[in-house]
Structure formats: C-alpha cells, structure tokens
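# Overview (structure and organization)
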Amino acid sequence: ISGPFPDFYRDAWRLKKETSGGLLFEVHVHELDLSRYLCGNPKRALAASKRIGQDPETDYKDLYMGTIEFENGALGQYHFSHISAQGETSIRVFLDKGVARAGFGGAWFQPWEGDEVEIPASGDEEAAYRHEIRLFAEAVLRNEPVAIPGEEGLWSVAMAEAMEKSAEKAVPVEI
C-alpha cells in the first residue's frame, strides 16, 4: 500500500483534485449523503482542513474536520482523512435522544441513557454500488422514475462544497 489508496485502487484520476474532486468529493461524499438521509436537509457547515502530505502523489488536502448543522437541530461531526494510521472514516450525529455514529465497520446508536446498540444493515447482500447501478439501469430500461433522483446527489455535492469553502475561508457557510 502506498498512501491512502491500495495499489489495486490507485487509478491516476483519484490522485488529482482536478479529476477526482479531492477527498470530500471522491471518497467522503457518501458519508455526507448518509448524514442527510438520517437527519434531513443541512443548514450550515463549519470545517477546517489541512494538507499533511502523507501521499506525495495526491495534490489535495488530506484532512478535514467539521460540523454540519441540520434544519431539525441535529449536528453532524465529521473526520475525513487520508492520513489516519487507523484507516478510519467516521461521522457522529448528535440527536436529542442520543448519538448515532457510523464508519466503515458499521453503525451504532448510543442513547443518553442505556446501552449502545448496533444499527443493523439493510440485509441486502448485493454490493451497494452494484445495487444502485442495477436499480438505475432497470428504471431506465422500463422507462420508470429512478429510485433516487439526481437532486439527492446535488445535496451531497452542496454539503461537500460548503465544507470545503468553510475550511478555505475559516467561516461558517450556509448550505
């Protein structure tokens, strides 16, 4: 393994911000999408970023820490990086009944009182990306509406853009 991407996943386009969008857009936009799914529409973002340079072949910032406030009052806390020796991506969402957290290893909910519980996966054994592509192709072939409209993706991009802009300007950014 060299840098954040294993050799089998080190396509040249992933290493340049111009072609991949960088850390927030190529890798971690999925966590932003998940947090919107869990919490509804976002309101504003506050983030900080830095380039540590663990992988000299990438040309973008490799560490983001931030918070997104949602319209319903929930707060999402984010750590996105290519520099963690633990290989971790995580989100934490602070709700009025407790804290939800998710990462590559699964998802959990910790109520303010009581024991933490694992949030079960959907039970669908088909790989997530393959499932999404199959559903999209089936909808197109049947001339039916797609299950997830493009507007959903635009929200995820808007969240990533707001985090990036907030980190660059060191101010909160409305989404």
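To be clear, the structure that these remarks concern was listed above.
Calculation notes
- Residues numbered from 1 in each chain as written.
- Predicted model: local features only at pLDDT ≥ 70, side-chain atom pairs only at ≥ 80, totals over all residues.
- Heavy atoms only, no water.
- Helix = DSSP H or I, 4+ residues; strand = E, 2+ residues; numbered from the N terminus.
- Phe/Tyr/Trp six-rings, centres within 6.5 Å; stacked < 30°, edge-to-face > 60°.
- Buried < 20%, exposed > 50% of the residue type's maximum accessible area, 1.4 Å probe, protein only.
- Axes fitted to C-alpha atoms, helices over the stretch in contact; angles between N-to-C directions.
- Parallel < 35°, antiparallel > 145°, perpendicular 65-115°, else oblique.
- Left-handed = near helix turned anticlockwise from the far one by under 90°.
- Contact = heavy atoms within 4.5 Å.
- Salt bridge = Lys/Arg side-chain N within 4 Å of Asp/Glu carboxyl O.
- Expected span 1.5 Å × (residues − 1).
- Pairing = 2+ DSSP bridges.

## Some thoughts on the environment of K169
- Structurally, K169 is set in helix 5 (residues 150–169).
- Expressed as a C-alpha distance, the spacing of K169 and A47, which sit 122 residues apart in the sequence, is 9.3 Å.

## What to know about the packing of aromatic side chains
- Using the criterion set out here, one finds one aromatic pair in the structure.
- Both rings, one in Y78 and one in F80, keep their centres 5.6 Å apart while their planes meet at 45 degrees; by these two values the pair is tilted.
- Here F80 falls in the buried class, since its relative accessible area comes to 0%.

## Here's the deal with the packing of helix 3 (residues 29–39) against helix 5
- Interhelical geometry of helix 3 versus helix 5 gives an angle of 115 degrees and a closest axis separation of 9 Å. If you check the angle between helix 3 and helix 5, you find them roughly perpendicular. Two packed elements cross with a definite hand, and for helix 3 against helix 5 that hand is right-handed. Only E152, W155, S156, V157, M159, A160 and M163 of helix 5 make contact with helix 3, whose side of the interface consists of V29, L32, D33, S35 and R36.

## Re unusual backbone geometry
- One non-glycine residue, N143, lies in positive phi territory at about 55 degrees.
- Here N143 shows up in the loop between helix 4 (128–141) and helix 5.
- Here A170, not a glycine, exhibits a phi torsion of approximately 55 degrees, which is positive.
- With respect to the helices, strands and loops of the structure, A170 is situated in the loop between helix 5 and strand 8 (173–174).

## Some points on the pattern of salt bridges
- Under the counting rule described, the total for this entry stands at 10 salt bridges.
- The partner of R44 in a salt bridge is E69, and the shortest N-O contact between them spans 2.4 Å. Of this pair, R44 sits in strand 1 (residues 42–50) while E69 sits in strand 2 (residues 63–70), and the two are 25 residues apart along the sequence.
- Taking relative accessible area as the criterion, R44 reaches 25% and is therefore assigned partly exposed.
- Take E69: its relative accessible area is 24%, and that puts it in the partly exposed class.
- Residues E174 and R44 are paired through a salt bridge, measuring 3.0 Å at the closest nitrogen-oxygen approach.

## Topic: helix 5
- Across its 20 residues, helix 5 extends 29 Å between first and last C-alpha, which sits within 8% of the 28 Å expected from 1.5 Å per residue.
- Those residues of helix 5 lying buried are S156, M159, A160, A162, M163, E164, S166 and A167.
- Directly after helix 5, the chain includes A170, whose backbone phi takes a positive value near 55 degrees.

## Examining the sheet that holds strand 2
- Pairing in this open sheet of eight strands is antiparallel, and the strands run 7-6-5-4-3-2-1-8 from one edge to the other. Two strands in the sheet have a free side with no partner beyond their single neighbour: strand 7 (117–118) and strand 8.
- Of the strand pairs in this sheet, strand 4 (residues 90–95) and strand 5 (residues 98–103) are connected by six bridges, and their pairing is antiparallel. If you follow R92 over to strand 5, its bridge partner there is R101.
- Across the sheet, helix 5 touches strand 1, strand 2, strand 3 (75–81) and strand 8, and the angle it forms with strand 1 is around 50 degrees.

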